[in-house]
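So the chains spell out like this:
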Amino acid sequence: MALSFGRSALARSTVSSIFARRTLSSSNETNTSQDMSRLSQFESLAVSRPSDFVVEVALNRPSKRNAMNRAFWKEMVECFNLLSTDSDCRVVLLRGTGKCFTGGLDLMDFAPDMMRWTAEGEDVSRKAQALRTFIGQMQETFSVIERCPKPVIAAVHNACIGGGVDMISACDVRYCSQDAVFQIKEVDLGLAADVGTLQRLPKIVGSDSVVRELAFSAAKLDAKRAQEIGLVSRVFPDHDTLFEGGLQLAKDIACRSPVAVQGTKVNLNYARDHSTADSLEYMATWNAAMLQSEDVVKAATAQMSKTEPIFSKL
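Here goes a summary of the coordinates provided. All values reported here derive from a predicted model rather than from experimental measurement. For every chain, the first residue of the written sequence is number 1, and numbering continues from 1 along that sequence. Local features in this predicted model are restricted to residues whose pLDDT is 70 or higher, and side-chain atom pairs enter the listing and the counts only when it is 80 or higher, whereas totals over whole chains, interfaces and linings include all residues. Hydrogens and water molecules were not included; the side-chain quantities draw on all heavy atoms of the structure.

1. A few points about the pairing of strand S2 (residues 54-59)
- Most of S2 is tucked away: six of the six residues are buried.
- Between buried and exposed lies partly exposed: a residue is buried under 20% and exposed over 50% of the maximum accessible area for its type, with that area taken using a 1.4 Å probe on protein chains only. Segments assigned H or I by DSSP are reported as helices when at least four residues long, segments assigned E as strands when at least two residues long, and all are numbered from the N terminus. Neither face of S2 is exposed, since Val54, Glu56 and Ala58 on one face and Val55, Val57 and Leu59 on the opposite face are all buried.
- Pairing between strands is defined by DSSP: at least two bridges between the two strands are required. With five bridges connecting them, strand S1 (residues 45-51) and S2 associate as antiparallel partners. The residue of S2 that forms the bridge with Val47 is Val57.
- Connecting S1 to the antiparallel partner S2 that follows it, the hairpin turn spans two residues, and Phe53 within it adopts a positive phi of roughly 65°.
- Of the pairings in the sheet, the one linking S2 to strand S3 (residues 91-96) comprises six bridges and is parallel in character. From the neighbouring strand, Glu56 faces S3, where its bridge partner is Leu93.
- Each parallel crossover has a hand, and for S2 linked through helix H2 (residues 70-84) to S3 it is right-handed. When the strands point away from the viewer and the path from the first strand over the helix to the second turns clockwise, the crossover is right-handed.

So this is what it looks like as C-alpha cells:
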C-alpha cells in the first residue's frame, strides 16, 4: 500500500509539474504576443524583426527629420523595457528612417513647456521641483538603453544632433555612414546637455579635451574624426552598407549564447562605473552562477564537433 501510495503521489506530482510548465509556457506566449502587439503600435518608432533574435528599432518620423517629440520620449522607455524581458530578442539595432538619423529635440512640440518654464509669477522652488522631475523622466528615455541587458547597436546616417548624441552615448556599439555629422547642440539653445552626453561621452571618447571642445562650442563632428576619437567603431560608404553592416553584427551576436552575451554587457557596464577590484569580485560572483549554464556545455561541444550551437531562449 505504501509503495502504491508513493507511485500515486509521484504521478500526481509529475502531472502537476507538466501542467505548471505548460501553464507558464502558455502565459509567456500570451505575454509575448501582447508585447509584440504593443511594439507595433508606437507612434514615433517602427519595430521589426529582420532576423532571428534581432529586433530593429527605427526612429520613424522621417518628414520631421526624426525629431524627438513627446511620444518618442515615452515610447522609448516602454519599448526598451519590453525588449529587456523579450526572450525572442537578443540584440537591438537602432536606426533612423528617412534622410537622417535624428535632428534632436522637437522644439515645436515642447514650445508650450518652454514658455511655461520661463514664465514669471510662479514660485521658483515649485517650478524647479517640477522641472527636476521632468528632466529625470527624459533621462530615463536613454538610461533604459544602457540598462537593457541586450546589446544595442546604433547605425547613424547623416545628422545626429543634440538628443541623438545623448541617445547613441547609451548604446553599446556605434556605426555610421560617411556622411554622418554629430553635434552636441544644446549650448546653442541656451542650456547644458542634460540627458546623458556629458556623463557618458567622456567615458567613450577618453579625451576630456575633445569632449569639452565639442560641448562648449557645438562644433560639428564628421564621420572621419568621430572614428578617430572612438565615438564610432566603423564608418561605411553609404546608408545601405551601414544598415547591412549593423544587421550583420546583430546576427553575429544573436547566434551566440544569450547568457554569455548579456553577462558580458552587464559586467562591462559594472566595470566602467567601479574599481577593478570591485568589478573582479562582482564578476566572480556572477560567473559562480553562470558557469553552471547549459550554454557552456553546448558551446564547448560545438567547438569540438565543429558544428553551430543552438542555444535556448533566455
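2. Considering the environment of Arg174
- Note that Arg174 resides in strand S6 (residues 173-177).
- Through-space distance from the C-alpha of Arg174 to that of Ile153 is 5.9 Å; in sequence the pair is 21 residues apart.
- N or O atoms within 3.5 Å of each other form a polar contact, as long as, within protein, one can give a hydrogen and the other can take it, and as long as residues adjacent in sequence are counted only when both atoms are side-chain atoms. Polar contacts involving the side chain of Arg174 include one to the main-chain carbonyl oxygen of Cys171, which spans 2.9 Å.
- Only 2.6 Å separates the side chain of Arg174 from the backbone oxygen of Leu231, close enough to count as a polar contact.

3. Overview of the environment of Val187
- Take Val187: it is sitting in the loop between strand S7 (181-183) and helix H6 (197-205).
- For the pair Val187 and Ala215, spaced 28 residues apart in the sequence, the C-alpha separation amounts to 7.3 Å.
- Among all residues touching Val187, those that are not within four sequence positions of it are Ala215, Phe216, Ser217 and Ala218. Note on contacts: a residue pair is in contact if any heavy atoms of the two residues lie within 4.5 Å.

4. So, empty space enclosed by the protein
- Using protein atoms alone on a 1 Å grid, points that fit a 1.4 Å probe yet trap it form a cavity, whereas open point sets bounded by protein on both sides within 12 Å along at least five of seven lines form a pocket; residues with an atom within 4 Å of a point count as lining. Grid points are joined across faces, edges and corners, and a volume is the space filled by probe spheres set on the points. Summed over all chains, the structure comprises one cavity of 30 Å³ or more.
- In this model, the largest cavity occupies a volume close to 50 Å³.
- The wall of the largest cavity is formed by Val165, Phe182, Gln183, Ile184, Leu201, Leu214, Ala219, Leu221 and Leu231.
- For this classification, the nonpolar set comprises Ala, Val, Leu, Ile, Met, Phe, Trp, Tyr, Cys and Pro, the charged set comprises Asp, Glu, Lys and Arg, and every other residue, Gly included, is treated as polar. A per-class count over the lining of the largest cavity returns eight nonpolar, one polar and no charged.

5. Examining the nonpolar core
- Here, nonpolar core means buried Ala, Val, Leu, Ile, Met, Phe, Trp, Tyr and Cys residues that are tied together by side-chain atoms lying within 4.5 Å of each other. Counting residues in each nonpolar core, the largest one holds 53 residues, and the members touching the most others are Ile145, Met167 and Phe182.
- Top contributing element to this core by residue count: H2, with eight residues.
- If we ignore the near neighbours within four places in the chain, the residues touching Phe182 are Val156, Cys160, Ile168, Cys176, Ala219, Lys220, Leu221, Ala226, Leu231 and Val232.
- Among the nonpolar cores identified, the runner-up in size contains 14 residues, and Leu93, Tyr175, Leu242 and Leu249 belong to it.

6. Some details on the pattern of salt bridges
- The salt bridge definition used is simple: a Lys or Arg side-chain nitrogen within 4 Å of an Asp or Glu carboxyl oxygen. Scanning the entire structure with this criterion turns up 16 salt bridges.
- Its salt-bridge partner being Asp88, residue Lys313 comes within 2.7 Å of it at the nearest N-O pair. Of the two residues, Lys313 sits in the segment after helix H12 (294-305) while Asp88 sits in the loop between H2 and S3, which places them 225 residues apart along the sequence.
- You can call Lys313 exposed: its relative accessible area is 52%.
- Residue Asp208 pairs with Arg212 through a salt bridge whose shortest N-O separation is 2.5 Å. In this pair, Asp208 and Arg212 both sit in helix H7 (residues 208-217), four residues apart, roughly one turn of the helix.
- Arg212 sits in the partly exposed class, given a relative accessible area of 43%.

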